[in-house]
Amino acid sequence: MQVTRQPPVRTSLKPSNHPYLSGAWTPVHEEVDVDELEVIEGEIPDDIDGIYLRNTENPVHQPLGRHHPFDGDAMVHQVSISGGKASYRNRFIRTHCFEAEQIAGGSLWGGLMDPDGTSKRPGFGAHGGLKDTGSTDIIVHAGTAYATFYQCGEAWMLDPVTLDNLGKAPWGPLDGVSAHPKVDEATGELMFFNYSKHAPHMHYGVVDRSGKLVHYVPIPLPGPRLPHDMAITKNFSILNDMPLYWDAGLLERNIHAARIHDGVPTRFALIPRHGGPEDIRWFEASPTYVLHWTNAYEVSGPDGDEVVLEGYYQDKPMPDPLEEAGEYSHMMAYVDEHSFQSRLHRWRFNLATGETTEERLSDRIVEFGMVNPDFLMRESRYVWSTTSRPGWFLFNGYVRHDTRTGEEQVYQLPEGVYASESPIVPRKNASSSSSETVSERGREDDGYLVTFLIDENTGTSQLAILDAADIARGPIARAALPHKISSGVHTAWVEHSQLRADAEFKRSAIAA
C-alpha cells in the first residue's frame, strides 16, 4: 500500500468528548492517495468497475458554540474499483467558507443549534446564518461530481476520479441548490430544487447533459418549508410540502425552530419534468416528515394511471428528548431514527381521480436506502436499507426488503462496527431472468453493496463489499483503509463506463 500524503490543512479543533466529535464521528484531517488497498478478507470481485464516493461531515475548526453533527466541513472519500483491485483517496471540498476559515485559522460561522449572532460573518442558505459546507449529498452528473448542502448552498464541483476541486457550479441559481438533486442517465438531465424564507419559497430546475440550466420555475408554497429530498419518474418530478417546518412566530425573531404543525397534511407536487407552476398536480396525504425517497415510477392500472413513490415515513417527526443524553438530549433525538421512527412506506397518486393511497411496507425502523440503479424510475422489487444504533446517528446493519412478499433479509454488524450508506452496484454481465422487471443488465439483486466500515474496536476503517442477493453472509471482501475515517452521510456510485461516455459526449460537443 503506497500512501501519498497531501499538504496538511490548518486546523484548530481540540479533542472532545462530544458524541459527534468523538468515537466513530472523530474527524480526520489528513488527505491521502493510496494506489492499491490491501485486501484483508476474501477477494474484490472482478465484475465491479466503478467509483464509490461518500460525503462526510468532518469539522476542521473548534466550534464557536454548540456543535451539531450537520455542521461539519465536507470531506469526500473515494474508492475506485476495477479488475479486482481498489484505490483510495480523500479530499476536503474547498468551498468559499472553508477557504475563509483556513485563512482565519478558526471558525467564522456558528452551527445549527447556535443562536443568531454567534457567527462572525453573514451566513448562507435557506437558514441564512450557516456556513455553506457542501457536506450533505454527493452525486455524479455528466462526468462531474457535485456536493450539496441540505440548507441550499452552492453546488460544489469535483472531478470524481482525482477529487480535484473545480469550484461552484456555474448553473447554480441565487437561492442555491438543496441536497438530493436527481440524475436521469437516459436523458443526461439533472433535476434539483431549492427552498427559502421568501416567496415563492421553492424553485425547481433542470440542467442538461452539457451542464446548462435549461428550466427553472417557481413552486409556490404557503410559507417557508423544510423539504429535504425529491424524486423523479420518467415524466414527473415530485416535490413536497410537509407539516414539519420553522415556527412562524419564532422565525419573526430570527429563531429557526422546526415544529410539527397539527392539522396540516403532507402535500406532494407532481410537475412534468419541463412543466411550469400551472402544470403542478397537488396530492394530499397523511401528515409526516420524510428525509429520503428510495424510488418513484409510473404504472397503469384498472383505475387509471398512477405515480408510485416510496420512502421513509416518520411516525414521530418531533421526537421526545433523549433525557439520558443530558445537554444533548434534543439534538440526539432529532438524528436518531428510533426516536423519529422512520419506516419504509409507499404512496400512490392516482392521476385520474386525484386521490392518494398509502401502505406501510415494513414495520422495521430503517432509513438511508438504495435500489438497483438500473431500476430507478421503474417498478422495483427490492430496497436495501440501513439499520441504526438506538439513540445514535450510526448505521449498524442492513436490511434487504422484498416489497412484493414482505420478506426481509438482515445483516447485523458486530458491536462497535458502523457502516455507511451503500449504493447497489449491478454486477457486470449480470445473470438474466425471465422476470418482467429484469433490466437489460440482469436480475435486480444481482450485484453488490459497497460501503465503508468504521471499527471502533480496532480503531480502523475498511472498504467492505456484500452480495446484494445474500447480505446475511456479511462482507465477501474487505480492504484496509489507511486511516480511520469519520462517520458520514450520503454516497454515490458511478460506473467507469458512464464516465467514459460522459467524456466522449463532452469531446463531441466541443468538436461540434
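Right above here is the structure, for reference.
Residues numbered from 1 in each chain as written. Predicted model: local features only at pLDDT ≥ 70, side-chain atom pairs only at ≥ 80, totals over all residues. Heavy atoms only, no water.

## Brief notes about the overall build of the protein
Put simply, the rule is: What counts as a helix is a DSSP run of H or I of at least four residues, what counts as a strand is a run of E of at least two, and both are numbered from the N terminus. We take the radius of gyration over the C-alpha atoms and set the globule estimate at 2.2 Å times the residue count to the 0.38 power. Only protein chains enter the accessibility calculation, which uses a 1.4 Å probe. A residue is then buried if its area is under 20% of the maximum for its type, exposed if over 50%, and partly exposed in between. Residue contacts are defined here by distance: any two heavy atoms, one from each residue, within 4.5 Å place the two residues in contact. Each accessible area value is a Shrake-Rupley result obtained with a 1.4 Å probe; residue values ignore everything except the protein chains displayed when judging cover. Within this scheme the basic residues Lys and Arg register as positive and the acidic residues Asp and Glu register as negative, but His and the chain ends are omitted. Where a charge sits is defined by one atom per residue type, namely NZ (Lys), CZ (Arg), CG (Asp) or CD (Glu).
Looking only at helices and strands, the protein has 5 helices and 34 strands in total. Computed over C-alpha atoms, the radius of gyration of the protein comes to 22 Å, within 12% of the 24 Å expected from 2.2 N^0.38 for 512 residues, which places it in the range of a compact globule. Taken along the three principal axes of its C-alpha coordinates, the protein extends 60 × 60 × 55 Å. Residue burial in the protein is summarised as follows: out of 512 residues, 59% are buried. Relative to all contacts within the protein whose residues are 6 or more apart in sequence, the contacts with residues 24 or more apart total 62%. Of the roughly 19800 Å² that the protein leaves accessible, carbon and sulfur atoms contribute 49%. In the protein, the 45 positive side-chain charges and the 72 negative ones have mean positions that sit 4 Å from each other.

## Here we look at the pattern of salt bridges
For the record, the criterion: By definition here, a salt bridge exists when the distance from a side-chain nitrogen of Lys or Arg to a carboxyl oxygen of Asp or Glu is within 4 Å.
Enumeration according to the criterion identifies 29 salt bridges in this entry. Put simply, Glu310 and Arg346 hold a salt bridge, and the shortest N to O gap is 2.8 Å. Linking Glu310 in strand 22 (residues 304–314) with Arg346 in strand 23 (residues 342–350), this pair joins segments that are 36 residues apart in sequence. Ionic contacts of the salt-bridge type, sharing partners, join the residues Asp33, Arg89 and Arg91 into one network.

## A short note on helix 5 (residues 496–511)
Rule in force here: Multiplying 1.5 Å by the residue count of a helix minus one yields the expected span of that helix. Here the arc refers to the directions that run from the helix axis out to each C-beta atom.
Counted at 1.5 Å a residue, the expected span for helix 5 with its 16 residues is 22 Å, and the 23 Å between its end C-alpha atoms agrees. Every buried residue of helix 5 is listed here: His496, Leu499 and Asp502. Buried residues of helix 5, viewed axially, fall in a sector of 120°; they line one side. Residues of helix 5 that are exposed and point over 90 degrees away from its buried face: Arg500 and Ala511. In the core, the buried residues of helix 5 are packed alongside strand 4 (50–57), strand 5 (74–82), strand 7 (137–141) and strand 34 (491–495).

## A word on the pairing of strand 4
For clarity, the threshold we go by: Only when DSSP finds a minimum of two bridges between them are two strands counted as paired.
A large share of strand 4 lies buried, amounting to 8 of its 8 residues. Here strand 4 shows no split at all, with Gly50, Tyr52, Arg54 and Thr56 on one side and Ile51, Leu53, Asn55 and Glu57 on the other all buried. Where strand 4 meets strand 5, 8 bridges bridge the pair, whose relative direction is antiparallel. Among the inter-strand pairings, Thr56 is bridged to a residue of strand 5, identified as Met75. As judged from the 5 bridges shared by strand 4 and strand 34, these two strands associate in the antiparallel manner.

## Here's the deal with the sheet that holds strand 13 (residues 202–207)
Operational definition: Axis lines are fitted to C-alpha atoms, over the contacting stretch for helices. Their N-to-C directions set the angle, which ranges from 0 to 180 degrees.
If you walk across this open sheet you meet the 4 strands as 11-12-13-14, and the pairing is antiparallel. Lying at the two open borders of the sheet, with one neighbouring strand each, are strand 11 (182–184) and strand 14 (213–218). The sheet shows a mean angle of 15° between the axes of neighbouring strands, taken without regard to direction.

## Describing the sheet that holds strand 6 (residues 85–92)
Spatially, the 6 strands line up as an open sheet ordered 1-2-6-5-4-34, and their pairing is antiparallel. Of all strands in the sheet, those with a lone pairing partner are strand 1 (3–5) and strand 34, marking the two edges. Looking at each pair of strands side by side, their axes are set apart by 15° on average, direction ignored. Looking at chain direction, strand 1 and strand 2 (residues 32–34) are connected through 3 bridges and run antiparallel. Of the residues in strand 2, the one forming a bridge with Thr4 is Asp33. Sitting on the sheet, helix 5 touches strand 4, strand 5 and strand 34, and the angle it makes with strand 34 is about 70°.

## Thoughts on the environment of Val299
Of note, Val299 is situated in strand 21 (residues 290–301). On the basis of relative accessibility, which here comes to 17%, the residue Val299 falls in the buried class. Expressed as a C-alpha distance, the spacing of Val299 and Pro173, which sit 126 residues apart in the sequence, is 33 Å. Those residues in contact with Val299 that sit more than four places away from it in its chain are Gly304, Asp305, Glu306, Val308, Arg348 and Glu379.

## Digging into the nonpolar core
It is characteristic of soluble globular proteins that their nonpolar side chains tend to be buried jointly. Convention followed: Nine residue types can take part in a nonpolar core, namely buried Ala, Val, Leu, Ile, Met, Phe, Trp, Tyr and Cys, and a core is a set of them joined through side-chain atoms within 4.5 Å.
With 53 residues, the main nonpolar core has Leu37, Val79, Ile81, Tyr88, Phe393, Leu449 and Leu463 as its most contacted residues. The leading source of residues in this core is strand 31 (residues 447–455), at 6 residues. Aside from chain neighbours lying at most four places away, what touches Leu463 is Leu37, Val79, Ile81, Ala86, Val450, Thr451, Phe452, Ala477, Arg478, Ala479 and Leu481. Met202, Val217, Leu270 and Ile271 belong to the second-largest nonpolar core, a separate cluster that totals 46 residues.

## Here we look at the side chain of Thr136
Selection rule: Polar contacts, as used here, are pairs of N or O atoms within 3.5 Å; protein pairs need one atom able to donate a hydrogen and one able to accept it. Residues neighboring in sequence count only if both atoms are side-chain atoms.
For Thr136, the location among the structural elements is in the loop between helix 1 (96–104) and strand 7. Separated by 3.0 Å, the side chain of Thr136 and the backbone nitrogen of Tyr150 make a polar contact. In this view, Thr136 contacts Asn55, Glu57, Thr148, Phe149, Tyr150, Ala179, His228, Val489 and His490; residues no more than four positions away in its chain are not counted.

## Description of unusual backbone geometry
Between Ala199 and the following residue, Pro200, the backbone shows a cis peptide bond with an omega angle of 5°. Residue position: Pro200 is located in the loop between strand 12 (189–195) and strand 13. Here Asn254, not a glycine, exhibits a phi torsion of approximately 65°, which is positive. Tracing the backbone shows Asn254 in the loop between helix 2 (248–251) and strand 18 (258–260).

## Structural notes on the packing of aromatic side chains
Applicable threshold: Planes of paired rings set the category: under 30 degrees apart is stacked, over 60 is edge-to-face and the rest tilted, where pairs are Phe, Tyr or Trp rings (Trp by its six-membered ring) whose centres lie within 6.5 Å. To sit over a ring, a charge needs its Lys NZ or Arg CZ within 6 Å of the ring centre and within 35 degrees of the ring normal.
Scanning the entire structure with this criterion turns up 23 aromatic pairs. A centroid spacing of 5.3 Å and a plane angle of 40° characterise the contact between Trp171 and Phe192, whose relative ring orientation is tilted. You can see Trp171 sitting in the loop between strand 10 (165–168) and strand 11 and its partner Phe192 sitting in strand 12, a full 21 residues away along the chain. Of the two residues, Trp171 and Phe192, both sit in the buried class. An aromatic cluster is defined as three or more aromatic residues linked by ring pairs; in this entry it consists of Tyr20, Trp25, Phe70, Phe149, Tyr150, Phe368, Trp392, Phe393 and Phe395. The ring of Tyr245 carries Arg225 above its face, with NZ or CZ at 3.8 Å from the centroid.

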